[in-house]
Number of protein chains: 2
Amino acid sequence: MKIVVVGGVAGGASVAARARRLDETAEIIVFERGGYVSFANCGLPYHIGGVITDRSRLLLQTPESLNESLAIDVRVSTEVVGIDAKAKTVTVREVDTGREYTEDYDALALCQGADPLQLPLPGIDLPGIHVLRNIADMDAIKAHLDEALDASAKTGKAVRTVVIGAGYIGLEMAENLRHRGAEVTVVELSDQIMPPLDKEVSIPVEQHIRGRGVELVLETAAAAFQQAADGSLKVELNNGRTLPADLVILSAGVRPNVGLATEAGIELGPRGGIVVDTHMRTSDPSIWAAGDAVETPHTVLPSAGLTPLAGPANREARVAAENICGRDTEYLSTQGTSIVKVFEMTAGGTGATERQLERESVPYRTVHVHPSGHAGYYPGTAMMHIKVLFSPDDGKLLGAQIAGFDGVDKRLDVFATAIRLGATVHDLETLELAYAPPFGSAKDPVNMAGFVATNVLKGDLKLWYAKDFPGTVEGARIIDVRTPEEYDIWHIPGAENVPLGDMREATASWDLDVPIRLYCAVGFRSYLAYRLLVQRGFTDVKTLSGGSHTFRFWHD
Amino acid sequence: MKIVVVGGVAGGASVAARARRLDETAEIIVFERGGYVSFANCGLPYHIGGVITDRSRLLLQTPESLNESLAIDVRVSTEVVGIDAKAKTVTVREVDTGREYTEDYDALALCQGADPLQLPLPGIDLPGIHVLRNIADMDAIKAHLDEALDASAKTGKAVRTVVIGAGYIGLEMAENLRHRGAEVTVVELSDQIMPPLDKEVSIPVEQHIRGRGVELVLETAAAAFQQAADGSLKVELNNGRTLPADLVILSAGVRPNVGLATEAGIELGPRGGIVVDTHMRTSDPSIWAAGDAVETPHTVLPSAGLTPLAGPANREARVAAENICGRDTEYLSTQGTSIVKVFEMTAGGTGATERQLERESVPYRTVHVHPSGHAGYYPGTAMMHIKVLFSPDDGKLLGAQIAGFDGVDKRLDVFATAIRLGATVHDLETLELAYAPPFGSAKDPVNMAGFVATNVLKGDLKLWYAKDFPGTVEGARIIDVRTPEEYDIWHIPGAENVPLGDMREATASWDLDVPIRLYCAVGFRSYLAYRLLVQRGFTDVKTLSGGSHTFRFWHD
Ligand SMILES: Cc1cc2nc3c(=O)[nH]c(=O)nc-3n(C[C@H](O)[C@H](O)[C@H](O)COP(=O)(O)OP(=O)(O)OC[C@H]3O[C@@H](n4cnc5c(N)ncnc54)[C@H](O)[C@@H]3O)c2cc1C
Ligand SMILES: Cc1cc2nc3c(=O)[nH]c(=O)nc-3n(C[C@H](O)[C@H](O)[C@H](O)COP(=O)(O)OP(=O)(O)OC[C@H]3O[C@@H](n4cnc5c(N)ncnc54)[C@H](O)[C@@H]3O)c2cc1C
Ligand SMILES: CC(C)(COP(=O)(O)OP(=O)(O)OC[C@H]1O[C@@H](n2cnc3c(N)ncnc32)[C@H](O)[C@@H]1OP(=O)(O)O)[C@@H](O)C(=O)NCCC(=O)NCCS
Ligand SMILES: CC(C)(COP(=O)(O)OP(=O)(O)OC[C@H]1O[C@@H](n2cnc3c(N)ncnc32)[C@H](O)[C@@H]1OP(=O)(O)O)[C@@H](O)C(=O)NCCC(=O)NCCS
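Owing to the predicted nature of the structure, the values given are computational and were not obtained by experimental measurement.

**Examining helix H5 (residues 168–179) of chain B**
All names here are of chain B. Look at H5: 16 Å from first C-alpha to last across 12 residues, which is about the 16 Å you get at 1.5 Å a residue. Burial runs high along H5: 9 of the 12 residues are buried. Burial in H5 covers these residues: Tyr168, Gly170, Leu171, Glu172, Met173, Ala174, Glu175, Asn176 and Leu177. Two residues or fewer past H5, Gly181 is found with a positive phi of approximately 100 degrees.

**Focus: the site of ligand 2**
In the vicinity of ligand 2 lie 31 residues, with Tyr435(A), Gly11(B), Glu32(B), Asp292(B) and Ala310(B) positioned nearest. More than one chain reaches ligand 2: the nearby residues come from chains A and B. One of the backbone N or O atoms of Ala310(B) is found 2.8 Å from an oxygen atom in ligand 2. Elements supplying a minimum of two residues to the shell around ligand 2: helix H1 (10–22), strand E4 (78–84) and helix H8 (310–324) of chain B. The element contributing the most residues to the shell around ligand 2 is E4(B), with 3 residues. Broken down by class, the residue content of the shell around ligand 2 amounts to 18 nonpolar, 8 polar and 5 charged.

**Structural notes on the sheet that holds E4(B)**
Residues and elements named next belong to chain B. Judged by pairing direction, the sheet is antiparallel, and its 3 strands sit side by side in the order E4-E5-E6 without closing on themselves. Edge positions in the open sheet fall to E4 and strand E6 (100–104), since each of these has one partner strand only. Ignoring strand direction, the axes of neighbouring strands in this sheet form an average angle of 30 degrees. Direction of pairing for E4 relative to strand E5 (residues 89–94): antiparallel, over a ladder of 6 bridges. Among the inter-strand pairings, Glu79 is bridged to a residue of E5, identified as Arg93.

**A word on the relation of the copies chain B and chain A**
There are two copies of the chain, and a rotation about an axis plus a shift along that axis relates them. Overlaying chain B with chain A gives an RMSD of 0.0 Å, the required rotation being 180 degrees about an axis along which the chain moves by 0.0 Å. With respect to symmetry, the two chain copies, as superposed, fit the operation of a two-fold axis. By C-alpha distance to the rotation axis, the residue of chain B lying nearest is Lys410(B), at 2.3 Å.

About the criteria used
Residues numbered from 1 in each chain as written. Chains lettered and ligands numbered in written order. Predicted model: local features only at pLDDT ≥ 70, side-chain atom pairs only at ≥ 80, totals over all residues. Heavy atoms only, no water. Helix = DSSP H or I, 4+ residues; strand = E, 2+ residues; numbered from the N terminus. Expected span 1.5 Å × (residues − 1). Buried < 20%, exposed > 50% of the residue type's maximum accessible area, 1.4 Å probe, protein only. Near = heavy atom within 4 Å. Polar contact = N/O pair within 3.5 Å; in protein donor to acceptor, adjacent residues only side chain to side chain. Nonpolar A, V, L, I, M, F, W, Y, C, P; charged D, E, K, R; others polar. Pairing = 2+ DSSP bridges. Axes fitted to C-alpha atoms, helices over the stretch in contact; angles between N-to-C directions. Least-squares fit on C-alpha atoms with pLDDT ≥ 70 in both.

The values reported here are purely geometric and, on their own, carry no functional implication.
Okay, structure coming up:
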């Protein structure tokens, strides 16, 4: 058995390592066109930012270590330039010497990852405009930044950087550039940052980033790049503005690296990724694929998708290796669980977003809750913003997104586990999560989301949504059930103030058929008001999902 | 409908609150013998420790606030002293006045919690010996400690405290007393701290506590208490030693408060708690119960148990309220998910322990893994110690325990969710958890535990266990596959050193039938060695579960 692997990082190295453990006698060759295998792609921004100081920590394995422990033949700086699927051979080229040779295989694993999206813009190739995918990119950016900072120390003029694209990597770069003391402007085409999340969950993070001195320019595209007389760059935006920059990071997304696969006649899917079956086998029975280049079924959405993330890449690769070695293991779906740290905040999601559900016409319901990361009376916690999407029929979880400070990653993982195991919002009610004051609450935020969602499902609670304002409140009394003090500071235009404690008395004389749209700060007090009004005979009552917190993300 | 609730804290207040939301017209009365309702029991140690400075933050609700928002009639300092189940009345006594009266009910909810275990020891009633259950206890301890610290500031002599019982509350008190500057000795009858965990998971925490200057005296009981001439205390231990103390905290556990229930003829279970059905209804059809006083089925063990924890109390109460209000909601089981912060460490468990599985003759398998809380190359992480128990038949998860620093609570909650949803170790392999370097690894610790466990289940990996040493290695070659440097620092007595990289060559000439017991630091390298040896024909190979880390917890 001879196994050839193309690409030697997350997917490729994992295929090779797992294959060796399953088959001690196989010949295993890994070709990697870059100079390094098994490096921590995800750590690259943090070495630039000086957070991970020791560069060598990013090199998790070397060709030597993989050979010593796993008898894998790793050939770096060697690019696979052709596949002859009929002959079952690959042609490779040594990057440094240009020497080409062929290597035959019994099983071929394509783990070539994704390439940065190149924007076809004038000046895109100017020096100082970088992408960040690998160690060489990192070294180049870091060298450039170090130099600019040195110069700035002398001139006293700040280093100006522009990040194009406000996805996770763009935001990590913004944070790390800021951390080094540079001025940072982030330019994003969409009307929100963090495309894997819905807009209202992205807004608190947006506010936080701005509070940390990063300029965010939304709904704007880079149009062209020019070099100034002093060698620095000018980034022309499509709104007419020009940003001066010493360094530009392009992080506008990635697209699957499928050149080789295409030439070899391997089937591609509608999103441009390699089509694989549940065994991670491509349309060619001797060729498997894993990682950023493949399309996989989505856990909750009907159509398959691309999910350029390290966890799926690693697990897909492990499944590919098992099947290459004759086992029968299935990789069923990817749910797109993702997370990002942005300064002091954390945000992420799992499953589908509301946008995706809309786009694929999957029926859903939404709730927003804003619990604190742990018991409010124990120091060091803050409010988080949780959005949960679920099926209106059986309450099956479809997605969850969170932005906040402490305990965000934990709740995301609980939601991710629940979604993976096919749980409903009823299951969330019953979860028995670990509670002590430094870690959570007796009713954990996840339980709380479950309570609210099941209440909606059972008809015990009807919600109105900030994004539908003002249409949704037309003809209704908008009632703010908070205290007069809270009302005075801010309230929804047109709202009357009836504090919860006065509600029973104040509404005694009201016409039961006048529509009432309640709200409070987060939804708890207005829920209490809802319950009492409905049981007192009011016929059309709804409360604002997520309260004024969620509302102000949309309308402030 | 008239609902009477006995006890006004976690269970009681929750029954009342949920009942009001379901039934706006019910009359709801809560009797609480103490001076406070709805307080944060779990925060009490931290106010004593000065971590939660504002005492009022512990009072989550007051009789007034519960009346204002939920129209609940809360009567504090009012003890229920009798139940006439036939007549459906309770007799109550006002604590301050002694006045007694009766109140009838349609539904009665018993939420009286648990009482501290009182040790029948000479001198147990001396001043300065405290239990910690409620606000009054907290105030007394804090006053006593403040006074002792004031005196100590004058005399320069340290304040000496003794904590009896090394359960979670005992350890929280030890930490908080230390935090205030007191000397702390913890006395524990068992041979380990933290009874909800197995011994090897408790040991790293034990070492950590000792490193923080707390003296731990295991396998020892308090025998008697005496007052010294200067008014301070002497704690006599059953090993002959006497500990001088200015303050003693008794935290030897709790027992369900079932006096009233017993007198009313309500059925108790084998563990002395109130028997309830899945609707949280007692043997009397008009009486429900929730919280520390009830026995509930265990999620993975055959027999029901007592679980004096706030999460279950709150959720049981919510279910009780729903059924009282005519809904049909079930509370199916408690899995005992628990967690404790001990100085910088966190430890906890969910599901069954190995001890419990042994005791109840449930077949199980065990794996130990020691991953780091997040990517090792990103700062601020440390090794954690994970133990997973699962069924040898289908791999169903039976329990998980973790001790470590960062990310422990998160993995506990993922395991807790998986256990609640009936997951197997195969499911753990497929979990798609949120990964970015500050939060985890591309293969999360939970995935990793799943990989190792499924390898065991599929026969791809055979383990030997430190707790069975030395019997388990008899007649075998013990092979240390770490580097010579690691071997020189410490190795298992009798072990030979064959570094992993030399393994293929070194073993080429070995007799294939000699039993080999491998180990490395955590189990990863010895797993690689295992795979290659077995595939090269060795017939009896096992590797040490958890490696030298787990081994040294048992044998150092
Ligand atoms: C800066 C950055 C931060 C990231 N942060 C996160 C994060 O926090 N969380 C997360 O989940 N994911 C993150 N990712 C994404 C994650 O790194 C990828 O999803 C994962 O590495 C994909 O694995 P892969 O094996 O498909 O591709 P890669 O790991 O990119 O490996 C593909 C390799 O194939 C090689 N190759 C391509 N073509 C050839 C050829 N013809 N011949 C030989 N070799 C070839 C390439 O040189 C490359 O090294 C991040 C990525 C980057 C760049
Ligand atoms: C110091 C401390 C720390 C804790 N830490 C944690 C933790 O970190 N995590 C966790 O999960 N759990 C923790 N717990 C346990 C948790 O507080 C309990 O499990 C929970 O409060 C149980 O709820 P309950 O309603 O059954 O009892 P309680 O909350 O104790 O309430 C029972 C109430 O009933 C009253 N009562 C009793 N008899 C009568 C009567 N006859 N008439 C009127 N009133 C009566 C009592 O005065 C008491 O206030 C801790 C407990 C303590 C004491
Ligand atoms: C590191 C890399 C080479 C994979 O290595 P690997 O040999 O599979 O090792 P891992 O560290 O992932 O460990 C997983 C294996 O160790 C085993 N293992 C881990 N801890 C163990 C323990 N305590 N006892 C026994 N086995 C253990 C697991 O079962 C698993 O083996 P299996 O797949 O055969 O079941 C590859 O993931 C890589 O190159 N990563 C870097 C790139 C990357 O992932 N980038 C994106 C993220 S930054
Ligand atoms: C606080 C206490 C009185 C219970 O109060 P509660 O009214 O049930 O309120 P909680 O804060 O727990 O919130 C839960 C309710 O609010 C609802 N809710 C929460 N956030 C919401 C939101 N954003 N929108 C709508 N509803 C929301 C939930 O659905 C749930 O209602 P339900 O049970 O009717 O479904 C009781 O738990 C208590 O006394 N606790 C202190 C004692 C204690 O627990 N000690 C141990 C731990 S220290």
